[in-house]
Amino acid sequence: MQKSTIKKVNDHQSLYDTNTWQVIEKKLSERKRKRVFIILFLISILTSGLVLITQKYSSKESIKEAYIPTP
Amino acid sequence: MKIDYQESKSDAKSNNLVSLIELAKTNDRIAQKALFDQFAGTMMTVCRRYSIDENNAQDILQEGFIKVFLKLNSLKNVAAFESWIRKIFIHTALRYQKSFKINYKEIDVNGLEDEFFIKENVIDDLACEEIIDILNRLPNGYKTIFNLSVIEGYSHKEISELLKIEEATSRSQLFKSKQMLKNIISKYYILFILLFTIFVSTNYNPFL
């Protein structure tokens with residue numbers, strides 16, 4: 001096969017479905033939405049974990065304070 | 001002062017492409033659509049050459065463009081965008097092909113002559129759609145190796161790494177694909193001559 005033929009094949013424009021772009025756009029937006037949802041989910045888990053830990057810690061501190069015998 | 005209009009036109013085109021890519025990197029949908037419009041036709045040809053049918057080619061086109069837009073930020077050299085996008089489409093098509101479980105077998109080609117290149121110019125006379133149509137008549141394994149080696153210009157080492165096969169297998173499959181292609185083209189030409197003869201004999205009478 002000559003180089004010109006290879007170039008001809010490589011440069012050839014084929015017909016494609018007119019709805020292709022709409023499908024791609026929809027899939028890209030879906031992926032973006034999914035990513036945002038995952039980030040929000042992770043942030044919520046982290047914050048709830050932090051709240052739980054601080055609550056537990058603060059309650060332990062308060063119990064300790066309550067049982068310290070006063071001189 | 002002489003102005004090279006052809007050169008300035010291509011410069012403007014490449015500048016336009018660079019700005020389009022930069023905008024597309026920021027998830028600008030209009031720029032992404034413009035890039036899609038510019039390359040979809042050419043990439044559809046790549047997809048058609050590696051796919052089993054038109055529906056499969058459409059799926060590869062969609063998947064390929066999604067990959068392109070998601071990986072656009074990793075593109076370092078904007079000037080090499082066209083080869084980069086082509087590579088992504090070839091890899092996507094090959095990933096799709098894995099689901100069809102193509103069997104690449106090593107064939108003993110010793111003693112057989114590579115006759116394809118004797119009548120090589122035959123394929124060069126054909127129109128592009130005809131070439132793609134003829135290539136699509138090859139079995140999937142032969143077609144993939146012919147495309148990678150002849151059209152894309154990959155070496156047998158690169159093909160063996162891409163498809164995870166032996167270099168010798170790639171070589172023998174290419175040889176067989178060329179032989180099969182020659183047979184298809186000769187059948188194609190016989191059919192063409194037959195149809196042409198029928199057409200001439202029914203429509204053209206020199207005595208009238």
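What comes next concerns the included structure. (Residues numbered from 1 in each chain as written. Chains lettered and ligands numbered in written order. Predicted model: local features only at pLDDT ≥ 70, side-chain atom pairs only at ≥ 80, totals over all residues. Heavy atoms only, no water.)

**Brief notes about the nonpolar core**
Residue and element names in this part refer to chain B. The test is simple: Among the buried residues, those of types Ala, Val, Leu, Ile, Met, Phe, Trp, Tyr and Cys that are joined through side-chain atoms within 4.5 Å form a nonpolar core. For every residue, the accessible area obtained with a 1.4 Å probe (protein chains only) is divided by the maximum for its type, and the residue is called buried under 20%, exposed over 50%, and partly exposed between those limits. Under the scheme used here, helices are H or I runs from DSSP no shorter than 4 residues and strands are E runs no shorter than 2 residues, and both carry numbers assigned from the N terminus. Segmentation of the chain into domains, including their bounds, is taken from an automatic or database domain assignment. Should any heavy atoms of two residues lie within 4.5 Å, those residues are considered in contact.
By size, the foremost hydrophobic cluster in this structure holds 61 residues, and its most contacted members are Leu35, Phe65, Phe81, Ile85 and Phe89. Residue contributions to this core peak at ten residues, all from helix 2 (residues 29-50). Mapping this core onto the domain boundaries places at least three of its residues in each of domain 1 (7-98) and domain 2 (115-203). Apart from residues lying up to four places away in sequence, phenylalanine 89 is in contact with Met43, Val46, Cys47, Ile60, Leu61, Gly64, Phe65 and Val68.

**What about the interface of chain B and chain A?**
In many reports, interface size means the accessible area that the parts give up when they come together. Filter applied, for reference: In this description, buried area is defined as the sum, over both parts, of the accessible area (probe of 1.4 Å) that is lost when the two are combined. A pairing counts as a salt bridge when a side-chain nitrogen of Lys or Arg comes within 4 Å of a carboxyl oxygen of Asp or Glu. Definition of a polar contact: a pair of N or O atoms within 3.5 Å, with one able to donate and the other able to accept a hydrogen when the atoms are protein atoms, and with sequence-neighbouring residues admitted only if both atoms are side-chain atoms. Classification used: nonpolar for Ala, Val, Leu, Ile, Met, Phe, Trp, Tyr, Cys and Pro, charged for Asp, Glu, Lys and Arg, polar for all others including Gly.
With 36 residues of chain B at the interface, the matching set in chain A holds 24 residues. With both chains or domains summed, chain B and chain A bury close to 2900 Å², and 62% of this area falls on carbon and sulfur atoms. Seen at the junction of chain B and chain A, the total is zero salt bridges. For the interface between chain B and chain A, the tally reads eight residue pairs in polar contact (both at pLDDT 80 or more). Sorting the residues of the side of chain B that touches chain A by element identifies helix 2, helix 3 (54-71), helix 5 (121-124), helix 6 (128-135) and helix 7 (140-151) of chain B as the ones contributing at least two each. Ranked by residue count, the leading element in the side of chain B that touches chain A is helix 2 of chain B, at 13 residues. Class assignment of the residues belonging to the side of chain B that touches chain A gives a composition of 18 nonpolar, seven polar and eleven charged.

Everything listed is a geometric property; what it means functionally is a separate question.
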